[in-house]
Amino acid sequence: MAGAELHPRTGKLITLSNGNRTAKRNQPVQEFNHGVVLSREPLRDGDTFTVRIDRKVNSWSGSIEIGVTALDPNTLEIPGSATGLKGGSWIVSGCSVLRDGRSILEEYGHDLDQLGEGDKVGIQRTASGELHLWVNGQDCGVAARGLPAVVWAVVDLYGKCTQITVTPSETVVQEEAEEEEDDEGATAEEVVSLPRSNSRPDKFPDTLEMENGFSSMELSEVVSNAILSAYNDSLLSVGLSSPQDPPASSPTVTSNDALLFHEKCGTLIKLSNNNKTAERRRPLDEFNNGVVMTNRPLRDNEMFEIRIDKLVDKWSGSIEIGVTTHNPNDLDYPATMTNLRSGTIMMSGCGILTNGKGTRREYCEFSLDELQEGDHIGLMRKSSGALHFYINGIDQGVAATQTPSLVYGVVDLYGMAVKVTIVHNHNHTDRLRRNNAIMRALSPDVGRRITDSSEPDVERLLFHPNCGQKAAIINDGRTAHRPHATDDFNHGVVLSNRPLRNNEVFQVRIDKMVDKWAGSIEIGVTTHKPAHLQLPSTMTNLRSGTWMMTGNGVMHNGTTILDEYGHNLDRLKAGDSVGVVRKDDGSLHFFVNGVAQGAAAWNVPPNVYAVVDLYGQAAQATIIDDTDLPPLPDDISEGNNQISPSSPSSIASGSDLRFHHLHGSNAVITNGGRTALRQNCRSEFNDAIVISNRALRDGELFEIVIQKMVDRWSGSIEAGVTAIRPDDLEFPNTMTDIDYDTWMLSGTAIMQDGNTMRNNYGCDLDSLTTGSRIGMMRTAKGDLHYFINGLDQGVACVGLPPGKEVYAVVDLYGQCVQVSITSATGPMDNSLSTSNITEKSFPVHSPVPGVAHRFHTNCGKNVAFQNDGCKAVRVSGYAHGVVFSMKELKADEVFEVKIDEVNDQWSGSLCIGLTTLLPGDITCTVTGLPASAVDLRSKVTWLVVGTAIRRNGVLQKQNYGCSLERLSVGNRVGVKRCGDDTMHILIDGEDMGPASTGVSKNVYAVVELFGRVTSVSIVSSTVMEEPESTKPPSVTSDSCSEEEDEATPCENEVPAFTTSVTFLEYHGKNILLSNENHTAARVASYNQGLLVTAVPLPRQQLFQIQIDRLNTVWTSSLSLGVIGSNIEKFNFPATACSIKRSCWLIQRHSVLHNSLKICENYGPNLDTCPEGTTLGLLVDSNNSLHLFVNGMDQGVAVQDIPNPCYGIVDLYGQCEQVTVVTDNVAVQDIPNPCYGIVDLYGQCEQVTVVTDNVAVAGGESSCSRCRADMEKADVVDGIKESVCWTPPPDVNLLKTCEYHALCARFKELLTLPDGYFNEDAKFNLCYCESCHKLRGDEAYYKRGDPPRDYAVPFGWCRFALRVNPRCDVVNVYKKWHMAYHGTCVGALRRILDQGEIMSGSTSLFNSKQMKADLQNGYSEPEENSVPVREPPKTHLSPTMRYAGLEVFAAKVQFKDPKFQRHHYAQVALQVCIRPGSYKVVMQSVCASESMDPRFSSSEIEWITKEKGATVLYGLLVRVE
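Residues numbered from 1 in each chain as written. Predicted model: local features only at pLDDT ≥ 70, side-chain atom pairs only at ≥ 80, totals over all residues. Heavy atoms only, no water.

**Student:** Would you mind going over the overall build of the chain with me for this structure?
**Tutor:** Looking only at helices and strands, one finds 10 helices and 91 strands in the chain. Buried positions account for 52% of the 1520 residues belonging to the chain. For the chain, contacts bridging at least 24 residues in sequence account for 70% of all contacts bridging at least 6. Carbon and sulfur atoms provide 47% of the accessible area of the chain, an area that totals close to 67,600 Å². (Helix = DSSP H or I, 4+ residues; strand = E, 2+ residues; numbered from the N terminus. Buried < 20%, exposed > 50% of the residue type's maximum accessible area, 1.4 Å probe, protein only. Contact = heavy atoms within 4.5 Å. Areas by Shrake-Rupley, 256 points an atom, 1.4 Å probe, with all protein chains shown as cover.)

Below, the structure is given as structure tokens:
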């Protein structure tokens, strides 16, 4: 298809050029789709339609898509994206193949999203009707079969791809590799082959064969003695072969046949030394474009080996080496070889990448990033097709099988690697060096000078004279210090003068500290030699061969591998000591004050140097001699010795229960069988199953404590029992893979034989943290119980074989790394072991105790009920299957159904949601229920349809949770309205998160049996308070004495707390405390301002702070919350949102848990809080966290807060100073019912009742019961300044509100006289989300006599109008009702001039009489009567949701004079209207929709014709 062109009909954003061969998507940054182009002519069989990617942008995800379609472009209605093509279309998107929009093949070919500019991609239809994808000339194989004879090529310039050009299709020539004759000898024998094994620490070779022509006599005496010594010790089986004459038939290797680097190479490569040496130019400025390849393909069993000549210490990453099928003459060299997506196998770091994708995570224990100058790297393709890599001559094993026969060697001089040289096998000097390297790897002692035993050991450990630029070595090399420690905090790195021996402890004492800086001493080891190392400013900046303990974490090559390890070094004082040791098994351990902290790393190579970084506060340290060191523990690798003595696991268990010596491949058993850990926890997440050493007895508790966790994975520990003996168990990847005789708890799910029996069990293992205890017990009755921190969680499952032995089993999965058996393990109380607990006490089948839910009798016409209203069946058709819950759902009450039957005849599936429609009112309607729940619009309805969220049928959100269309028989789906007015959907017990916000309180569950789903059953129950008699007994409850009961306060009792809460002295480095630690100020920058309370927050105690000072130079502001982790081991990050363990944070108007957002639109936006704002935290008796703003409770932010927890405040951005408010009063539980009491004492003679109640945690508001008694009460409008918190006189909330400022600028553009507006700006109110939440506004208030509801105009901004002095102000505000009138900008001035909304004013909300008014008292004039001119009516509404519709309040476009941006604005008027002067009529606009849940369609619109019936109150402005 040399003349291939694009069809002139394209997507609407496409522009064609270059003779219709180039297509460009317009507006690539603003739009990501509408970029479909097609070929002008149908594809001919065997021809490839190829395009080149010319341009990409990074604004979007996704990229080019390509395929074919049977639709004629001349008549095709082109969709927004190619995946929207139907009627016979096959599209390759990413690495998937779709037919008519549905995926038919996953993981196909190359990932098109990864292609870059210049890459070529083509599509081909073969004569047999197969579809092939071609990428850069490489066939990706068959993508689909059965294509029609006539198809057009389709290309979608989607996402990142913005321009392509059609290129002539290239004929792919299949190159046949020429057979090459065997060269001399078997070169495979030239390399030391060490078998790979799982054993630790070292790997020894079975043979050590020298290359042909290399006599053993040519080995140095050191190597010979080392080999013979190892041989005599039976460590090695060494064969030293004599030189053999090469066979006569073997061709002689000529210089032309030698392996060299190809002349064509990367753009920055310079070749020298007859093309044997390659060097990357500008190594300090560029880190890539350094690819070189061999000049010819590699032969079978031929070694390709290079030597590293030069490295730089600037970059991360280093050399990469491998093979490729690409001919260097034809290859367009990429920037890095791992960018090549075909025919390439590379070793990078310690892993293997095939075509740029990782295929082996940890191929070997050596990392290429840690190699030094002089090290050798080699590779060989065996005649069997296996590819091996060699490091310093040591075979690392098979990296890939079935390597193509024709491959070239390739080296990428990336990052630190600058210069390499090819090493030929006949170079005996290199061979000798390699053998010496092998010996060093096998034994640290080989290669040293053999000395007499009487000679002294190696020299004393001292500091090396080469040290950091701000450090100095004194005291004969024993002491290192920073002479100017108060001026600089870094550049204090010092190393030992020699490598550490195995099991040799290097320990230093801190001599001097300074208080100026944050952070302190860091210690570790490195493979770098101090004489040649360019010392960094801090050792954690080094990206190779380095392990450091910093704070209470461990870092490897600058990356954290352990978050919470041992004692926090930042807490050490002068006189404390720290140490490090590498054991002979390759494990690394640290000491603090002589106490071993446990294993910190494994596979640490020998010959490492000790490193001390005198950082921050640490100013001087001295090496402690061996005579001063404590004795080394026998096995410091066993267990985690940082556990406090009070921990249950620190006490030897009196039980003989241990972990069995058989376990998963990644598990390690230590501490005499009491501790189990998962090795390589950062790279492996499973294969770590451990099992008890014997069967559990009836009533015997097997309890473990979690000692270590990592944040890398999802999921955590799983625990249970199995009837399989350890000797018979073939350990799987995870224990839930076992399909017989096994019962496990995973998360909240109880699983038997790999199948979920029950969800929502009483505890969640995924939520447990370090220090949590988990226990398992089988009772004599055969019930399985779990215990969390000593508390019985109830019956998990029943029916365990009573006569069959069961073993405890623990799966160290995901985040859980290490556990130990506790002292609580052993026989339990007899009352539990006999299991007298009935199933009634612990319901198994119903996830929530109580009365089962029922369906309401009013339902769709095709629905029939069974099982006493618990089962609904659609008896015919595919629709009319709407059903409702019998009663309103309470807060956090789950309504859940299980799918019983499906019919695949239909498409679509079940829908579920919430509605304000009362099912009992349905019979009163004429039309009844609609055919589909989506059409329920008479009241507000929130629905989940597939993955879409709809409100009254209008799409609100897409791609929510798991698609309901994928559910089948047995799946469960539930809905609940949470206390924060959000709707959540649960699928098989798993919460999918918030689906909708702002859900009304009085809602019913609604379910539609649509399409495939024909029958469902209710499996949930109404929430009831569980009787005390049926609650599970506590494990520790029976053992408590009366004295202990007296000493322990009751749960419901508020603990006495008289001490004022202050800030902890340990804080972010930019914080300065004053006022006896009550005031905190950030003195520098915009971050590093973290604060923690000095004591845990007591329950029911309100902790409050006041914002003292803001700095508008910065953006954003403070955040606050609680942290549950031990603050003694807490490392303060730069910002609170970086805390990823046991932290709940309120930031802006969102709630974050461990840096992940879990809730939006909570409370006001904290960034808008002005100076003087008071913010408070309270954890109630139900362990729920509340935020208080100026004394107003914003509701529950998050539940299940741990105890104890500490308050945390982040002085970030604008917020520079806060002060603790010390007049805290404990909030007691309020009895119910209760009565308010007011004393009109002294000067106070009159008060008015208002309805904006503030709920108090622990008590129940009685507002709803009181409202019925307030009909005759005098209720005043909630101008909140008078009844709620009032800012100080010099503080104005509106000063910090950008939305109010924007509305004010629009008001100024209207050029309205200032005389119309109230001079006192405090009556101007902004009702944006942040402002109204800061004031604590309710959504509705009452006004007038008799009282009538009106809605607060959320989203608008009110500018108070001057009141007509002739009006009786007190009577108007007290007796008249409040309403809104939508108008247009053109009518505004006339209305303000008249002082009221006059009939006949040119407002869009004034209208002539309509037919709809006839049924409201307005009739047609009688025949022959004198015509009377009917005055026009003025329409008003008690809610701006109706009055603000565009038909009433017309939008006008304006340009913001400050930021020069265009906006749309609306105006309306807030008015007082005299009772009796208006009529309430039926809704005349959008009659089928409910505008406001408080007002029905028959009461949302008011009309009046009377003059003087309205008084203007405020001008309302809304800007979009």
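Right, picking up where we left off after that structure.
**Student:** In this structure, what is going on with the sheet that holds strand 19 (residues 344-348)? I would like to understand it.
**Tutor:** Two pairing modes exist for strands in a sheet, parallel and antiparallel, and in both the strands are linked by backbone hydrogen bonds. Spatial strand order, 16-25-18-19-20-21: 6 strands in an open sheet with antiparallel pairing. Two strands in the sheet have a free side with no partner beyond their single neighbour: strand 16 (291-297) and strand 21 (357-360). This sheet shows a mean twist of 25 degrees between the axes of neighbouring strands, independent of strand direction. Two strands pair when backbone bridges link them, and strand 16 and strand 25 (residues 408-412) are joined in this way by 4 bridges, in the antiparallel orientation. Note that in strand 25 the partner of P297 across the bridge is Y408. (Pairing = 2+ DSSP bridges. Axes fitted to C-alpha atoms, helices over the stretch in contact; angles between N-to-C directions.)

**Student:** How do you make sense of the pairing of strand 87 (residues 1452-1455) when you look at a structure like this?
**Tutor:** A regular strand places its side chains on the two faces of the sheet in alternate fashion. Where strand 87 lies against strand 88 (residues 1462-1473), 4 bridges are found, and the strand directions are antiparallel. The partner of Q1453 across the bridge, within strand 88, is Y1464. Linking strand 87 to strand 88, which pair antiparallel, is a turn of 6 residues; within it Q1460 sits at a positive phi near 60 degrees.

**Student:** Just checking my understanding: could you explain the pattern of salt bridges for this structure?
**Tutor:** Opposite charge on two side chains makes pairing possible when the charged atoms of those side chains draw close. For the structure on display, the rule yields 37 salt bridges. The partner of D511 in a salt bridge is R509, with the nearest N and O atoms 3.0 Å apart. Residue D511 is classed as partly exposed on the basis of its relative accessible area, which comes to 22%. Residue classification places R509 among the partly exposed residues on the basis of a relative accessible area of 35%. Each of the salt bridges in this network shares a partner with another, and the network as a whole consists of R296, R299 and E302. (Salt bridge = Lys/Arg side-chain N within 4 Å of Asp/Glu carboxyl O.)

**Student:** Quick question: what am I supposed to make of the confidence of the model for the chain here?
**Tutor:** Low pLDDT means the predicted atomic positions in that stretch should not be read closely. Residues of the chain with pLDDT of at least 70 account for 78%, and the chain-wide mean is 78. The low-confidence segment residues 627-653 (pLDDT under 50) makes 63 contacts with residues lying over four places distant or belonging to another chain. (pLDDT = per-residue confidence, 0-100.)

**Student:** Just checking my understanding: could you explain the environment of R972 for this structure?
**Tutor:** Secondary-structure assignment places R972 in strand 62 (residues 972-977). For R972, a relative accessible area of 17% puts it in the buried group. In sequence terms R972 and E896 are 76 residues apart; their C-alpha atoms lie 6.8 Å from each other. With sequence-adjacent residues up to four places away left out, R972 is seen in contact with N759, E896, V897, K898, L986, I987, D988, G989 and V1019. A distance of 3.1 Å separates the side chain of R972 from the side chain of E896, its partner in a polar contact. (Polar contact = N/O pair within 3.5 Å; in protein donor to acceptor, adjacent residues only side chain to side chain.)

**Student:** Got a minute to help me understand the sheet that holds strand 24 (residues 394-400) in this structure?
**Tutor:** Strand order in the open sheet made by the 7 strands is 14-15-26-17-22-23-24, with antiparallel pairing throughout. The open sheet has two edge strands with one neighbour each: strand 14 (269-272) and strand 24. Across the sheet, the mean angle separating the axes of adjacent strands is 25 degrees when strand polarity is ignored. By the bridge criterion, 3 bridges tie strand 15 (residues 277-280) to strand 26 (residues 417-423) in an arrangement that is antiparallel.

**Student:** What exactly am I supposed to notice about helix 9 (residues 1385-1394) here?
**Tutor:** Every buried residue of helix 9 is listed here: A1387, L1388, I1391 and L1392. Taken end-on, helix 9 shows its buried residues confined to a sector of 140 degrees, consistent with a single buried face. One or two steps after helix 9, the chain reaches G1395, where phi turns positive at roughly 80 degrees. (Arc of directions from axis to C-beta.)

**Student:** I'm lost on the side chain of T982 in this one. Help?
**Tutor:** As for its position among the elements, T982 is in the loop between strand 62 and strand 63 (983-987). For T982, a relative accessible area of 5% puts it in the buried group. A distance of 2.6 Å separates a polar atom in the side chain of T982 from a polar atom in the side chain of D980.

**Student:** I would appreciate a short explanation of the packing of aromatic side chains in the present structure.
**Tutor:** Counted by the stated rule, this structure contains 24 aromatic pairs. When the ring of Y1341 is compared with that of Y1350, the centres are 6.4 Å apart and the planes differ by 40 degrees; the resulting orientation is tilted. On the accessibility criterion, Y1350 (1% relative accessible area) is buried. Three or more aromatic residues joined by ring pairs make a cluster, and in this case those are F287, W315 and Y414. If you follow K1307 out to its NZ or CZ, it ends over the ring of F1317, 4.2 Å from the centre. In this arrangement the basic side chain of K1307 is found over the ring face of F1359, its NZ or CZ atom lying 5.5 Å from the centre. (Phe/Tyr/Trp six-rings, centres within 6.5 Å; stacked < 30°, edge-to-face > 60°. Lys NZ or Arg CZ within 6 Å of the ring centre and 35° of its normal.)

**Student:** I would appreciate a short explanation of the pairing of strand 78 (residues 1206-1210) in the present structure.
**Tutor:** Most of strand 78 sits inside the fold, with 5 of its 5 residues counted as buried. Of the two faces of strand 78, the one carrying Y1206, I1208 and D1210 and the one carrying G1207 and V1209 are both buried. Of the pairings in the sheet, the one linking strand 69 (residues 1090-1092) to strand 78 comprises 3 bridges and is antiparallel in character. Following the sheet pairing, L1091 is matched in strand 78 by V1209. Of the pairings in the sheet, the one linking strand 71 (residues 1119-1123) to strand 78 comprises 5 bridges and is antiparallel in character. The residue of strand 78 that forms the bridge with G1121 is I1208.

**Student:** Honestly, unusual backbone geometry in this entry has me stumped. Any pointers?
**Tutor:** Glycine aside, a negative phi is what most residues show, and trans is what most peptide bonds show. Of note, the amide linkage connecting N1203 to P1204 takes the cis form, showing an omega dihedral of 10 degrees. Residues D1345 and P1346 are joined by a peptide bond in cis, for which omega reads 0 degrees. Take P1346: it is sitting in the loop between strand 81 (1340-1343) and strand 82 (1348-1351). Not every positive phi belongs to a glycine, and Q1100 is a case in point at roughly 65 degrees. Positionally, Q1100 belongs in the loop between strand 69 and strand 70 (1103-1110).

**Student:** I'm lost on the environment of H856 in this one. Help?
**Tutor:** Mapping H856 onto the fold places it in the loop between helix 3 (830-833) and strand 54 (863-866). For the pair H856 and S885, spaced 29 residues apart in the sequence, the C-alpha separation amounts to 5.4 Å. In this structure, H856 is in contact with F865, F884, S885, M886, P919 and G920, ignoring residues within four places of it in sequence. One polar contact links the side chain of H856 to the main-chain amide nitrogen of N858, over a distance of 3.1 Å.

**Student:** Whenever I open this one, the environment of G343 confuses me. Can you help?
**Tutor:** Along the chain, the position of G343 falls in the loop between strand 18 (320-324) and strand 19. Between the C-alpha atoms of G343 and G356, which are 13 residues apart in sequence, the distance is 9.8 Å. Residue contacts for G343: discarding those within four places in its chain leaves V323, T324, T325, H326 and N355.

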